Amino acid sequence: MTAVFSHGRLRLYLLKLLDDGPKHGYELIRLLEDRFLGLYAPSAGTIYPRLQRLEVEGLVSHTAAGGRKTYDITDAGRAELRQRAGELTALETDIAASVADLSSLAGEIRSEVRGSARDLKRELSEATRQTRRARWEAPAPPPRPASTRGPQAELLDELDQRLAAFTGEVGRLMRARQFSDTQLRTAIRLLDGALDGLRRLLR
C-alpha cells in the first residue's frame, strides 16, 4: 500500500469518501484507483477489514441488499472528519504529490520501454536486410577456365553476367520496401517457373 496511507490515514480517507454518499466496498476501491490515475488500487483485503473496524467503532454503518453491503458514514464519523480536517487537508496534499511522482515514474518507464522497442525493431530490420542481401546478392561468377573456352565462350560469359545482374536486381528490389505475403508468393512462383523453363531448355 502506498506510503501516503500509513498510520491510519486510509481509514480517514475512507470516511471522507463515504461523507460524499453511501458506497459499497468495490466503489471505494474504484474511487481510490481513479484518484491515483490507475497507478494504485487497494485490494479488497485492504479495504474491507478497515470498513469492519470503522463499523465496530460506530463511525460507519451498512445495509445489505442482493448480497452486497453498502456503507454509510454515521454522525460520529462526520464528527471525526471535522476534528481531523487539518489532517485530511495534509493527506490530500500528500496524495497529489504521490500521484505526480507516480505519473513521472510511469512516464519514464514508458519512455524506456518505447526506446527498447525501437532498438529491437532496428536490430530486427537490420538482420532482415542482411539476410536478404546474403540470399539475393550472389557473388559474381569466376572466369571460366581457359580450357573450356570455345566458340560459345562469349555467349556463356554473357549468360553468367545476366544471371549475376538478375540476382543483384532482385536483391535491390527486395530491399526497396516491405512486401505483402501475396506479392512474395507470386514472386516465388515466377522464379520457380523461370527455373523450371531453364531446366527444360538446357537438359
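Residues numbered from 1 in each chain as written. Predicted model: local features only at pLDDT ≥ 70, side-chain atom pairs only at ≥ 80, totals over all residues. Heavy atoms only, no water.

Peer 1: Explain the overall build of the protein chain here, please?
Peer 2: Along its length, the protein chain carries 7 helices and 3 strands. Listing every helix and strand of the protein chain by position from the N terminus yields α-β-α-α-β-β-α-α-α-α. Counting the 203 residues in the protein chain, one finds 26% classified as buried. Here the analysis covers contacts within the protein chain between residues at least 6 apart in sequence; of these, 60% occur between residues at least 24 apart. Just so you have it, the protein chain exposes about 14000 Å², and 56% of that area is on carbon and sulfur atoms. (Helix = DSSP H or I, 4+ residues; strand = E, 2+ residues; numbered from the N terminus. Buried < 20%, exposed > 50% of the residue type's maximum accessible area, 1.4 Å probe, protein only. Contact = heavy atoms within 4.5 Å. Areas by Shrake-Rupley, 256 points an atom, 1.4 Å probe, with all protein chains shown as cover.)

Peer 1: Sorry if this is basic, but what is going on with the confidence of the model for the protein chain here?
Peer 2: If pLDDT is low for a region, its predicted coordinates should not be looked at in detail. Overall, the predicted model of the protein chain reaches an average pLDDT of 76, with 67% of residues at or above 70. For the protein chain, the element scoring lowest by mean pLDDT is helix 5 (residues 85-136), at 68; helix 4 (residues 75-83) scores highest, at 95. (pLDDT = per-residue confidence, 0-100.)

Peer 1: Would you mind showing me how to read the sheet that holds strand 1 (residues 23-24) here?
Peer 2: A sheet is described by the order of its strands in space; here 3 strands give the open sequence 1-3-2, paired in antiparallel fashion. Bordering the open sheet on either side are strand 1 and strand 2 (60-65), each of which pairs with just one other strand. The pairing of strand 2 with strand 3 (residues 68-73) spans 6 bridges and is antiparallel. Looking across to strand 3, one finds that Ser61 is bridged to Asp72. In the packing of helix 1 (residues 9-19) onto the sheet, the strands contacted are strand 1, strand 2 and strand 3, and the crossing angle to strand 3 comes to about 90°. (Pairing = 2+ DSSP bridges. Axes fitted to C-alpha atoms, helices over the stretch in contact; angles between N-to-C directions.)

Peer 1: Is there a simple way to explain the side chain of Glu80 in this structure?
Peer 2: Secondary-structure assignment places Glu80 in helix 4. Beyond its immediate chain neighbours, meaning those up to four positions away, Glu80 contacts Arg11, Leu15 and Leu59.

Peer 1: Explain the packing of helix 1 against helix 2 (residues 25-35) to me, please; I cannot follow it from the model alone.
Peer 2: Here helix 1 crosses helix 2 at 105°, and the two axes come no closer than 11 Å. Here helix 2 runs roughly perpendicular to helix 1, going by the angle between their axes. For the pair helix 1 and helix 2, the contacting residues are Leu10, Tyr13, Leu14, Leu17 and Leu18 in the first and Leu28, Leu31, Leu32 and Arg35 in the second. Class assignment for the residues of the contact of helix 1 with helix 2 results in 8 nonpolar, no polar and 1 charged. (Parallel < 35°, antiparallel > 145°, perpendicular 65-115°, else oblique. Nonpolar A, V, L, I, M, F, W, Y, C, P; charged D, E, K, R; others polar.)

Peer 1: Sorry if this is basic, but what is going on with the pattern of salt bridges here?
Peer 2: Where charged atoms from two side chains of opposite charge come close, those side chains can pair. Enumeration over the complete set of coordinates arrives at 11 salt bridges. Notably, a salt bridge pairs Arg78 with Asp75, separated by 3.5 Å at the nearest N-O pair. Within this pair, Arg78 and its partner Asp75 are both found in helix 4, separated by 3 residues, close to a single helical turn. Judged by relative accessible area, which is 31%, Arg78 ranks as partly exposed. (Salt bridge = Lys/Arg side-chain N within 4 Å of Asp/Glu carboxyl O.)

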